[in-house]
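# Structural overview
The chain contents come next:
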Amino acid sequence: MTALAPRSDFPLLANDPALRYLDSAATAQKPQAVLDAVEHFYTHDNANPHRGAYALSARATERYHDARATIARFIGAQDADCTLFVRGTTEAMNLVAYGWGDRHIGAGDAIVVTAMDHHASFVTFQQLAARTGAEFRIAELTDDGRIDMTSLASVLDARVKLVAFPHVSNALGTINPVDQIVSMAHAVGAIVVCDGAQAVPHLSVDVEALGVDFYAFSGHKVGGPMGIGILWGRRALLEQTSAWQFGGDMIDIVGDQVTTFNSLPHRFEAGTPNAADAVGLAAACDYLTGLGMDRVRAHEVALTATMLESLQAFEGVRIFGPMNATDRSGVVSFAFEDVHAHDLATILDEHGVCVRAGHHCAQPLMRRLGVSATARASVWVHSTSEDVAALVAGVQHARTMFADATAR
Amino acid sequence: MPPPADVPPPVTVASVDIAAASLYQEIILTHYRSPRHKGVLSVASPATEHRNPLCGDVLSIQVLRDGDTIADAAFTAQACSITQATASMLLSRVIGGTVPDARAVIAQVERLIETPLGESGIDGADLGDLRALASVVRFPARRACVRLVTLAMTEALATP
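Residues numbered from 1 in each chain as written. Chains lettered and ligands numbered in written order. Predicted model: local features only at pLDDT ≥ 70, side-chain atom pairs only at ≥ 80, totals over all residues.

### As for the overall build of chain A
Defined as follows: Helix and strand definitions follow DSSP, with helices as H or I runs of at least four residues and strands as E runs of at least two, each counted in order from the N terminus. Every radius of gyration here is taken over C-alpha atoms, with the globule rule written as 2.2 Å times N^0.38, N being the number of residues. Any residue whose C-beta has 12 or fewer other C-beta atoms within 10 Å is treated as exposed, any with 20 or more as buried, and any in between as partly exposed, C-beta atoms being built from the backbone. The contact criterion used is a C-beta to C-beta distance within 7 Å, with each C-beta placed from the backbone.
The helix and strand inventory of chain A stands at 14 helices and 15 strands. The C-alpha atoms of chain A give a radius of gyration of 22 Å, which matches the 22 Å a tight globule of 408 residues would have. Taken along the three principal axes of its C-alpha coordinates, chain A extends 80 × 55 × 35 Å. Counting every position in chain A, which comprises 408 residues, the buried fraction comes to 53%. Residue pairs in contact within chain A that sit at least 24 positions apart in sequence constitute 71% of those at least 6 positions apart.

As structure tokens, this is what we get:
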């Protein structure tokens with residue numbers, strides 16, 4: 001199967017023809033269009049947005065504003081002012097925890113996460129619970145790596161004020177039933193915080209249709225620059241969210257003793273914004289729109305099915321998450337009894353194949369799976385069946401090497 | 001059109017065998033296959049547990065002392081081949097010796113994995129099987145796998 005996007009679109013891949021990059025779930029390679037957009041900003045439009053009265057500053061402000069509108073459109077947000085620029089998903093989760101959580105959650109309340117939450121969500125809301133005296137509850141998983149809806153129902157009651165879960169699991173690839181979780185959470189009066197870091201690069205996302213209250217993702221996983229991301233929130237909730245970082249841009253009137261704050265989105269964007277990377281992220285969204293998210297999805301499903309089928313053929317392999325490619329994103333996490341994930345990743349590296357090995361910032365999940373680490377291969381728009389074949393050849397080599405070693 | 005000269009040739013299985021084999025040498029695979037001193041000491045003795053927060057691996061070492069001599073030691077691990085082989089080789093080397101001798105061995109191992117091959121000036125004969133770890137210098141991401149063992153052992157030796 002050929003790539004959906006030509007390798008030549010990605011300078012890093014073009015510069016290293018032998019590289020088999022199967023770690024897009026950790027960070028995506030960058031299309032030329034994104035690098036060009038960032039460079040164009042710095043070479044033609046660079047000034048401090050929202051500050052100067054001169055034309056160049058006005059242009060920088062406009063580019064930043066346009067980037068927000070483009071990204072809002074890409075995720076189906078009708079109100080671009082509710083699409084806040086942050087550093088990434090981690091900062092987005094912290095903004096919700098400190099800005100909304102500290103104000104609305106207290107002793108006697110409860111917070112629910114799932115056993116597949118990334119540390120960015122899991123630890124942030126665990127610490128919110130510790131800070132406020134709220135009870136921290138965890139919805140468990142089924143054996144095939146989905147959120148157990150019976151377990152989720154059992155931890156939901158009127159005390160629950162916030163439910164957090166990933167749209168797509170970073171370690172399992174599971175695509176979660178957002179609508180079902182949203183209706184269960186809303187039925188007990190809780191708000192819903194959805195981690196979209198592993199969804200936005202791979203699925204067509206419409207935050208309004210999903211019904212969630214907050215939705216976060218990282219630009220670098222979408223092919224945009226590192227250090228830029230999005231928190232989208234419903235206006236009514238953002239209006240009840242306290243500013244958590246203070247400084248320039250986010251103020252209205254600064255008195256000697258009292259300060260009033262700016263309107264959305266500026267209230268949550270203190271200091272000089274990362275305008276160039278915002279422009280780069282908008283270019284990444286445009287790049288994916290050009291490819292078509294439906295085609296992106298179809299391409300990844302086909303490659304994932306091949307990965308699942310090929311890896312399943314190895315004796316002693318454990319593949320985590322749903323076994324049906326249509327129920328997961330382009331992520332396959334696996335482990336062997338006799339070959340540790342790091343040994344596997346080192347040997348794959350010698351084959352030019354990049355995979356992630358480790359706990360994937362999901363230690364609570366690893367404990368439940370009964371492993372300290374898994375190997376994780378993930379595909380994106382430039383991936384091909386040759387990439388998958390190189391992965392399978394590398395795994396075969398590792399198996400042979402360690403099978404010789406473990407033959408008693 | 002031929003590829004530009006600076007593009008490396010595709011990795012062949014033969015070169016992979018050579019490169020990876022230098023990390024996964026027979027000595028290391030043998031210690032991984034049949035680890036020495038893996039388990040729990042029958043005599044009650046405090047265990048020092050160390051984790052690598054980046055990868056999640058866990059190693060625990062027990063040391064039984066008789067004065068300044070290491071009378072016995074054992075390890076348990078949920079870890080990769082490099083960590084398990086290092087623990088097996090290190091304990092094999094230091095049991096029966098003195099605590100200062102064990103500290104000196106640890107210092108040599110740590111220098112070995114940071115120094116380019118052949119430049120450490122370390123007497124390989126003194127290290128025994130541990131000298132196989134010299135290849136780890138070529139795999140910077142795997143030095144932490146060795147250090148998990150040296151850190152745990154250093155702490156175990158500091159415990160009275």
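### Here's the deal with the nonpolar core
In summary, soluble globular proteins display a tendency toward joint burial of nonpolar side chains. Residues and elements named next belong to chain A. Quick reminder of the rule: The term nonpolar core refers to a group of buried residues, namely Ala, Val, Leu, Ile, Met, Phe, Trp, Tyr and Cys, whose C-beta atoms join them within 7 Å. As used throughout, domain bounds are those supplied by an automatic or database domain assignment.
Within the largest apolar cluster, 171 residues are counted, with the highest numbers of intra-cluster contacts made by Ile111, Val163, Val192 and Leu344. The dominant element in this core, judged by the number of residues it contributes, is helix 10 (residues 275-291), at eleven residues. Shared between two domains, this core takes at least three residues from each, and those domains are domain 1 (7-22 + 293-401) and domain 2 (33-289). Dropping the residues within four chain positions of it, Val163 is found in contact with Val112, Ile181, Ala185, Ala190 and Val192.

### Comments concerning the confidence of the model for chain B
Residue and element names in this part refer to chain B. Stated formally: Every residue is assigned a pLDDT by the predictor, reflecting its confidence on a scale from 0 to 100.
Here chain B averages 85 in pLDDT, and 87% of its residues register 70 or above. Mean pLDDT in chain B bottoms out at helix 1 (residues 13-23), which sits at 55, and peaks at helix 3 (residues 81-94), which reaches 96. Of the regions scoring below 50 in pLDDT, residues 1-18 engages in twelve contacts with residues more than four places distant in sequence or in other chains. As scored by the predictor, the complex reaches a pTM of 0.91 and an ipTM of 0.78.

### Some thoughts on the sheet that holds strand 8 (residues 229-233) of chain A
Residues and elements named next belong to chain A. Note the cut-off: Only when DSSP finds a minimum of two bridges between them are two strands counted as paired. Note on method: axes are straight lines fitted to C-alpha atoms, helices fitted across the in-contact stretch only, with angles between N-to-C directions ranging 0 to 180 degrees.
Across the sheet, seven strands lie side by side as 2-8-7-6-5-3-4; this open sheet has mixed pairing. Looking at the sheet topology across the chains shown, the edges are occupied by strand 2 (83-86) and strand 4 (135-139). Taken pair by pair, the neighbouring strands of this sheet meet at an average axis angle of 20°, ignoring direction. One ladder, built from three bridges, connects strand 6 (residues 191-195) with strand 7 (residues 214-218); its direction is parallel. In the sheet register, Val193 faces strand 7, and the bridge partner there is Phe214. Here helix 7 (residues 178-187) sits on the sheet in contact with strand 5 (160-166) and strand 6, set at roughly 155° to strand 6.

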